[in-house]
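Here is how the chains run, residue by residue.
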Amino acid sequence: MTSADVLILGGGSGGYACALRSAELRLSVILIDKDKLGGTCLHRGCIPTKALLHAAEVADSSRESENFGVKTTLEGIDMPKVNEYRDGVVARLYKGLQGLVKSRNVTFIEGEGKLVAPNTVEVNGVNYTGKNVVLATGSYAKSIPGLEISGRIMTSDQALNLDYVPASVIVLGGGVIGVEFASVWKSFGADVTILEGLPHLVPNEDISVSKALERAYRKRGINFTLGTKFASATQSDTGVEVTLEDGKILSAELLLVAVGRGPNTANMGFEDNGVATERGWVVVNERLATNIPGIFAVGDITPGLQLAHRGFQHGIFVAEEIAGLNPVVIADINIPKVTYCEPEVASVGMNEEEARAAFGDEVNVYEYNLGGNGKSQILGTAGFIKLVAQKDGPVVGIHMVGSRVGEQIGEAQLIVNWEAYPEDVATLIHAHPTQNEAMGEAHLALAGKPLHAHA
Ligand SMILES: Cc1cc2nc3c(=O)[nH]c(=O)nc-3n(C[C@H](O)[C@H](O)[C@H](O)COP(=O)(O)OP(=O)(O)OC[C@H]3O[C@@H](n4cnc5c(N)ncnc54)[C@H](O)[C@@H]3O)c2cc1C
C-alpha cells in the first residue's frame, strides 16, 4: 500500500497512538519510522529509565533494610545484569506493540522519510501519499553551544547504555531527566553533583515542591548548585572538569548533559513544503493542525510539555479529528506530570503562583503533610500533598512530593480535569492505610472538616 487515509511520519508515542486510533476508526494507515517502533519513550526514555529507577529502589531497600529490622548486605550493583533486566522489559513491550500495530492492519514502513509534497512522504525512493499527513518525528537531546557530546560527556542516550556505575558524575541540568539520573546514580553508589542555572531543582514545579525535593536530596547526599551557570567543560582519559561562571571548578568521572530536548524537524522537508515552524518547533493550533490544510503535528515536535502521555493524547485526538469526531481539547496545564526520582514529584494543574496570578486573593491553598499518613510512615517517607483551589470553587492544581506519590496522580488529574470542589472529594472514601488517604485528608481539610490534621 502506498496511499492511505492517514500517513504518519514517526512511530513514537504520538505517531503510533495516532496509527492505532485511526485504524480503530476504520481509516487506512501508513506509519513510517527510521528506527524501532515505540520511539524515544520505549527505547531511550520513559521505560528504560524507570526500570533503572526501580533497580535503584531495590538497592536503597537493601541498604536501608536494617531500619525495618531486616538484615541484608548490599554487595554492589551488577550493571550488565541491571541492563539485562531493563532490556527484557523493553523487549517484551516492543514485541507487544509490534503485535498491536500488525493486528490493526497498520502498514509499517521502515526507513527515513522526507516530506516531498504536502501529501507525500518519500522513503527509500518510494512515495507514500496520505489524505492526511501527521508529523510525529519527536525530539533529540540538546547540548549547549560549544559543549560537544563525546566520550565522558554524554546525554541520556549514552548514559542509558553504560555498563558500569561511575564513581562520580556531574549532572548538568536539574530538570526531570537530570534529577532522575542523579537519583539512580546516587542509589547505585556514585557521588553525584547537579548543576542547575535556575534558582531551584525541577524549576517547572510549585516552588514548595522544589524546595522539598532539595531538602530530600541534601539528606540523601546528592550535591547541587543552584543559580550558577555552567561556563565550560573539558575531558581527559580519566575524567571531566567543569567550570562554572563564578569560577568554581568541579571534576568527576562523567558529565551528563540534561539541558532539555529540541524538536527533531531539520532537513525533513517541512519548511520546504510551507509548514510553519518556530525555532524548529512545528506550529499548531489548539486542534493540532499546522498552517497547511491536511497536515497535523503531534507530540514532542509541537511546543509544550514533552511527555509520552501527551503524545498518546495528541495521537488519539488527531485520529478522531480526521474521523470527524470533534474531540475535546485538553490544555497542557491539565496534563499530569510525574518525576520518578526518590522522592517522587507529581503534579497537575496550576501551581500556587499561577493560581494567584489568575485569581488574585481568591485562592485557597492547603498542604497535607505525609507525616500524618499511616502508609507513608510505614514506608518511612516524608513529603506532602498540596491543593490549590479557587475560593468557593474547584481544585485547580495538585502538587505532591514523597516516595511513590506518582501513583496518586490518577485521582489528582480526575479531580482537576473534572473541576471537582474540595467538598465533592471530601465526601468520597479513601482506603486505609494507603498513601491515597492523604489525598482524601487534604480535601477534607480544605472543605473545612480535617480528620487526621490540625485545623
Ligand atoms: C531519558 C528520558 C526519559 C523520559 N521519561 C519520560 C517519562 O517517564 N514519562 C513521560 O511521559 N515521558 C518521558 N520522556 C519523554 C517521552 O519519551 C517523549 O515525550 C515521547 O517519546 C515523545 O513522543 P513522540 O512520538 O513525540 O516522539 P518520539 O518518541 O521521539 O518518536 C519519534 C519517532 O520518529 C522517528 N523519526 C524521526 N525522524 C524520522 C524520519 N525522518 N523518518 C522516519 N522516522 C523518523 C524516530 O525514529 C522516532 O521513533 C522521557 C524522555 C527521555 C529522553
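As a reminder, the structure under discussion sits directly above these lines.
About the thresholds
Residues numbered from 1 in each chain as written. Predicted model: local features only at pLDDT ≥ 70, side-chain atom pairs only at ≥ 80, totals over all residues. Heavy atoms only, no water. Salt bridge = Lys/Arg side-chain N within 4 Å of Asp/Glu carboxyl O. Helix = DSSP H or I, 4+ residues; strand = E, 2+ residues; numbered from the N terminus. Buried < 20%, exposed > 50% of the residue type's maximum accessible area, 1.4 Å probe, protein only. Axes fitted to C-alpha atoms, helices over the stretch in contact; angles between N-to-C directions. Parallel < 35°, antiparallel > 145°, perpendicular 65-115°, else oblique. Left-handed = near helix turned anticlockwise from the far one by under 90°. Contact = heavy atoms within 4.5 Å. Near = heavy atom within 4 Å. Polar contact = N/O pair within 3.5 Å; in protein donor to acceptor, adjacent residues only side chain to side chain. Areas by Shrake-Rupley, 256 points an atom, 1.4 Å probe, with all protein chains shown as cover. Nonpolar A, V, L, I, M, F, W, Y, C, P; charged D, E, K, R; others polar. Pairing = 2+ DSSP bridges. Right-handed = clockwise from strand over helix to strand, strands pointing away. Expected span 1.5 Å × (residues − 1). Core = buried A, V, L, I, M, F, W, Y, C linked by side-chain atoms within 4.5 Å.

J.: A description of the pattern of salt bridges should follow, citing residues and the corresponding values.
T.: By the definition in use, this model includes 15 salt bridges. In this structure, Arg21 engages Glu320 in a salt bridge whose closest nitrogen and oxygen atoms are separated by 2.7 Å. Here the residue Arg21 occupies a position in helix α1 (residues 13–24), and Glu320 occupies one in helix α8 (residues 308–322), the gap between them amounting to 299 residues. Here Glu320 falls in the buried class, since its relative accessible area comes to 17%. Here Glu352 makes a salt bridge to Lys386, at a shortest N to O gap of 2.7 Å. Of this pair, Glu352 sits in helix α9 (residues 352–359) while Lys386 is found in strand β23 (residues 384–390), placing the two residues 34 residues apart along the sequence. Overall, Lys386 belongs to the buried group, its relative accessible area being 3%. Salt bridges here are not isolated pairs; linked through shared partners, they connect Arg21, Glu24, Arg104 and Glu320.

J.: Outline the packing of helix α3 (residues 46–64) against helix α4 (residues 79–103), listing residues and values.
T.: Packed helix pairs are characterised by how far apart their axes lie and by the angle those axes make with each other. Direction vectors running N to C along α3 and α4 enclose 135 degrees, while the axes themselves pass 9 Å from each other. As the angle between them shows, α3 and α4 are arranged oblique. Seen along the crossing, α3 lies across α4 with a hand that is right-handed. Two secondary-structure elements touch here, α3 through Ile47, Pro48, Ala51, Leu52, His54 and Ala55 and α4 through Met79, Val82, Asn83, Tyr85, Arg86, Val89, Val90 and Leu93.

J.: Before we move on, can you summarise the environment of Val283 with the specific residues and values?
T.: As for its position among the elements, Val283 is in the loop between β18 (281–282) and β19 (295–297). Exposure remark for Val283: the relative accessible area of 32% places this residue in the partly exposed category. Separated by 72 residues in sequence, Val283 and Lys211 place their C-alpha atoms 34 Å apart. Ignoring sequence-local partners within four residues, the contact set of Val283 consists of Ala276, Thr277, Glu278, Ala289, Thr290 and Asn291.

J.: How would you summarise the site of the ligand if you had to cite specific residues and measurements?
T.: In the vicinity of the ligand there are 36 residues, among which Asp33, Thr40, Lys50, Asp300 and Ala308 approach most closely. Between the ligand and Asp33, the relevant distance is 2.5 Å, taken from an oxygen atom to a side-chain nitrogen or oxygen of the residue. Gly113 is positioned such that a nitrogen or oxygen atom in its backbone is 2.8 Å from a nitrogen atom of the ligand. Here the ligand has 990 Å² of accessible area as a free molecule, and 96% of this is covered by the chains. Of all the secondary structure elements, the ones that give two or more residues to the shell around the ligand are α1, α2 (39–44), α3 and α8. Among the elements that line the shell around the ligand, the one with the most residues is α2, at 4 residues. Each residue belonging to the shell around the ligand can be placed in one class, and the counts come to 9 nonpolar, 19 polar and 8 charged.

J.: Provide a residue-level description of the pairing of strand β11 (residues 223–226), including the pertinent values.
T.: Pairing analysis gives 4 bridges linking strand β10 (residues 191–196) to β11, with the strands arranged parallel. Note on β11: the bridge partner recorded for Thr193 is Asn223. The β-α-β motif built from β10, the intervening helix α7 (residues 207–220) and the parallel element β11 has right-handed crossover chirality.

J.: Which residues make up the side chain of Asn351, and what values do they have?
T.: The topology assignment puts Asn351 in the loop between β21 (344–349) and α9. A polar atom in the side chain of Asn351 sits 3.2 Å from the backbone nitrogen of Glu353. Asn351 has contacts with Glu205, Asp206, Val388 and His399, leaving out every residue within four places of it along the chain.

J.: Kindly report on α8, identifying the contributing residues and their values.
T.: With 15 residues, α8 extends 21 Å between its outermost C-alpha atoms, agreeing within 8% with the 21 Å of an ideal straight helix rising 1.5 Å per residue. Buried positions along α8 lie against β1 (3–9), α1, α2, α3, β6 (126–135) and β19. Once α8 finishes, Gly324 follows within two positions and takes phi at roughly 80 degrees, a positive value.

J.: So, the nonpolar core: which residues are in play, and what are the values?
T.: Counting 36 residues, the largest nonpolar core has Val171, Val179, Trp185, Ile194, Leu213 and Tyr217 as its most contacted members. Of all the secondary structure elements, the ones that give two or more residues to this core are α3, α4, β9 (168–172), α6 (176–187), β10, α7 and β15 (254–257). Per-element accounting of this core gives the leading share, 5 residues, to α6. Not counting the four nearest positions on each side in its chain, Val171 is found in contact with Gly178, Ala182, Trp185, Val192, Thr193, Ile194, Leu195 and Leu256. The next biggest cluster of nonpolar side chains, apart from the first, holds 26 residues, and it includes Val90, Val298, Phe317 and Val318.

J.: Describe the environment of Gly402, and please don't skip the residues or the numbers.
T.: On the secondary structure map, Gly402 appears in strand β24 (residues 395–402). Residue Gly402 is classed as buried on the basis of its relative accessible area of 0%. Leaving out residues up to four positions away in the same chain, Gly402 has contacts with Pro343, Glu344, Leu370, Thr381, Ala382 and Gly383.

J.: Residue-level account of unusual backbone geometry, with values.
T.: For the bond running from Glu342 to Pro343, omega is 0 degrees, close enough to zero to count as cis. Mapped onto the elements, Pro343 comes out in the loop between β20 (337–339) and β21. Of note, the bond from His432 into Pro433 is cis; its omega dihedral lies within 30 degrees of zero at -10 degrees. Tracing the backbone shows Pro433 in the loop between α12 (422–426) and α13 (436–446). At Asp392, a position not held by glycine, the phi torsion is positive, near 55 degrees. For Asp392, a relative accessible area of 74% gives the class exposed. The residue Arg404 is not glycine, and still its phi comes out positive at about 65 degrees.

Treat this as a map of the structure, not an account of what it does.
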